[in-house]
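What follows is the residue order along each chain.
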Amino acid sequence: MFAYTVRRLLQMIPLLLAASVVIYALLALQPGDPLDELRRQNPRITAEQFEALKRAYGLDQPLHIRYFKWLSRAVRGDLGYSRTYGIPAAEYIFVQRLPKTLLLSGLALTLALLVAIPVGIFSAVRQYSLADYVITFFSFVGFSMPVFFLGILLLYLFAIWLPDHIPGFPRFPTGGVPGVLWEDVRSGAISFWYFLGQWAWHLILPVIALSSLQMAEWTRFMRASLLEVLSQDYIRTARAKGLSERVVLYKHALRNALIPIVTLVGLAIPGVLGGATITETIFSYPGMGRAIFDALVEKDYNVAMAALAFLALMTALFNLLADLAYAVVDPRIRYS
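Notes on the structure follow. (Residues numbered from 1 in each chain as written. Predicted model: local features only at pLDDT ≥ 70, side-chain atom pairs only at ≥ 80, totals over all residues. Heavy atoms only, no water.)

Remarks on the side chain of S123
Mapping S123 onto the fold places it in helix α5 (residues 89–125). Classification of S123 by relative accessible area gives buried; the value is 1%. (Helix = DSSP H or I, 4+ residues; strand = E, 2+ residues; numbered from the N terminus. Buried < 20%, exposed > 50% of the residue type's maximum accessible area, 1.4 Å probe, protein only.)

Structure below.
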């Protein structure tokens, strides 16, 4: 397995280079350039001053020259400065924004797994029952509903309509993060449980919105995978030996049924990090997804490149981790 892992890691290098070329080209093909906003803010800027700024930002050079200059700096860990915030792009993305996105995405993935796997098993065991039909219906609804629509619906329902029509119903926050910091806990200004409760209160709606698609998708896959495994000959043999249904289900069937779920989870992690852009924008949550959206609007290319290149790396890395997890879930799979 070690040789296989090393080989896959080496294969990531040309893949990530190709991804960086595509991302850089797509950003450069956007209408306008990073100086458009400056020109709108200061209409008195002269043509000579504008050309001097283009030279300072390297925008007077061909696209491929600008890309190779960015790449030479990136491999040394220098991802440039954010034109909007005036700090290193790496600090802005990985220090200020990424931890908040990891918190939101981690909670969303955990919630999706805790709901989808038990519900999928329950639906498969009770195939064609009323409960199975209800679960299937809501799975299709969750799978078909766009995240942005669900987010707006949750905001309207729990932050506006229900509190206005039901006396005493708590008004959920419309987004953002609470104004409490870990430094407040360390200084003794607030208790740990108050800090935890405030963050949980602000994350309820974003977590539900972000986890809905994975929850519905994994429920359907868990049900279909388990039904396929339960129809195999070795399951009938286990039952013929007199083993209890619980032993047959959880010891013999479930482990093989989890193989497709391992693939989905491995591929979903970078997808959730990138897909958090919509959720974070709707709920005004200051994570990496919102930073990508703002960087694209403001043409802050260094920030956008840092975040999108990181997502490409995560996609390739979690593909590898999903493949390696096969050997853990299914002992028949070996990479030696």
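Moving on from the coordinates now.
Observations regarding a nonpolar patch on the surface
Where nonpolar side chains cluster on the molecular surface, the patch consists of F2, V6, L10, I13 and L17 and spans about 500 Å² of accessible area. Take F2: it is sitting in helix α1 (residues 2–28). The exposure class assigned to F2 is exposed, which follows from its relative accessible area of 68%. (Patch = residues over 30% accessible without salt bridge, like charges linked within 9 Å, V, L, I, M, F, W, Y side chains within 5 Å. Areas by Shrake-Rupley, 256 points an atom, 1.4 Å probe, with all protein chains shown as cover. Salt bridge = Lys/Arg side-chain N within 4 Å of Asp/Glu carboxyl O.)

Some words on the nonpolar core
Residues W218, M222 and L226 are the most contacted members of the largest nonpolar core, which totals 34 residues. Of all the elements in the fold, those that place two or more residues in this core are α5, α9 (192–230), α10 (233–240), α11 (245–257) and α12 (259–282). Beyond its immediate sequence surroundings of up to four residues, W218 is in contact with L109, A112, L113, A116, I261, L264, V265 and A268. Core analysis: the second largest hydrophobic core is formed by 28 residues, W70, A74, I87 and Y301 among them. (Core = buried A, V, L, I, M, F, W, Y, C linked by side-chain atoms within 4.5 Å. Contact = heavy atoms within 4.5 Å.)

Concerning α9
The end-to-end C-alpha distance of α9 is 47 Å, clearly below the 57 Å that 39 residues give at a rise of 1.5 Å each. In the structure, α9 departs most strongly from a straight axis at L203, where the bend amounts to approximately 45° and where the proline P206 lies between one and four residues downstream. (Expected span 1.5 Å × (residues − 1). Bend = angle between axes of the 7 residues up to and from the residue.)

Let's talk about α5
In this model, α5 (37 residues) spans 50 Å end to end at C-alpha, consistent with the 54 Å of a helix rising 1.5 Å per residue. Along α5, the largest kink reaches about 50° and is centred on L98; proline P99 follows within four residues of it.

Brief notes about the packing of α5 against helix α13 (residues 288–298)
Packed helices, taken two at a time, are described by their axes: the angle between them and the distance between them. Contact geometry of α5 with α13 gives a least axis separation of 7 Å together with a crossing angle of 130°. Overall, the two elements α5 and α13 adopt an arrangement that is oblique. Judged by residue contacts, Y92, I93, R97, L98 and T101 of α5 engage M288, G289, R290 and A291 from α13. By residue class, the composition of the contact of α5 with α13 is five nonpolar, two polar and two charged. (Axes fitted to C-alpha atoms, helices over the stretch in contact; angles between N-to-C directions. Parallel < 35°, antiparallel > 145°, perpendicular 65-115°, else oblique. Nonpolar A, V, L, I, M, F, W, Y, C, P; charged D, E, K, R; others polar.)

Comments concerning the packing of aromatic side chains
Scanning all chains against the criterion turns up 12 aromatic pairs. Each ring, one from F94 and one from F310, has its centre 5.3 Å from the other, and the planes form 65°; the classification is edge-to-face. Taken as a pair, F94 in helix α5 and F310 in helix α14 (residues 301–329) lie far apart in primary sequence, 216 residues in all. Given the relative accessible area of 28%, F94 is considered partly exposed. Relative to W193, the ring of F192 lies with its centre 5.3 Å away and its plane at 70°, an arrangement referred to as edge-to-face. (Phe/Tyr/Trp six-rings, centres within 6.5 Å; stacked < 30°, edge-to-face > 60°.)

A few points about the pattern of salt bridges
If charged atoms from side chains of opposite charge come close, those side chains can pair. Counted according to the given criterion, the structure contains five salt bridges. The partner of D132 in a salt bridge is R223, and the shortest N-O contact between them spans 2.8 Å. Of this pair, D132 sits in helix α6 (residues 130–144) while R223 is found in helix α9, placing the two residues 91 residues apart along the sequence. You can call D132 buried: its relative accessible area is 2%. Note that R236 is salt-bridged to D233, the shortest N-O span being 2.2 Å. Here D233 and R236 lie together in helix α10, a separation of three residues that amounts to about one turn. A relative accessible area of 54% places D233 in the exposed class.

Examining the packing of α1 against helix α4 (residues 63–74)
Their axes nearest at 11 Å, the elements α1 and α4 cross at an angle of 130°. One element, α1, and the other, α4, form an angle in the oblique class. Taken as a pair, α1 and α4 cross one another with a handedness that is right-handed. Here L17, S20, V21, Y24, A25 and A28 of α1 come into contact with α4, specifically with L63, R66, Y67, W70 and L71. In terms of residue class, the contact of α1 with α4 is made up of nine nonpolar, one polar and one charged. (Left-handed = near helix turned anticlockwise from the far one by under 90°.)

As for the side chain of T219
Structurally, the position occupied by T219 is in helix α9. Excluding anything up to four places from it in sequence, T219 contacts A116, V119, G120, I135 and S139.

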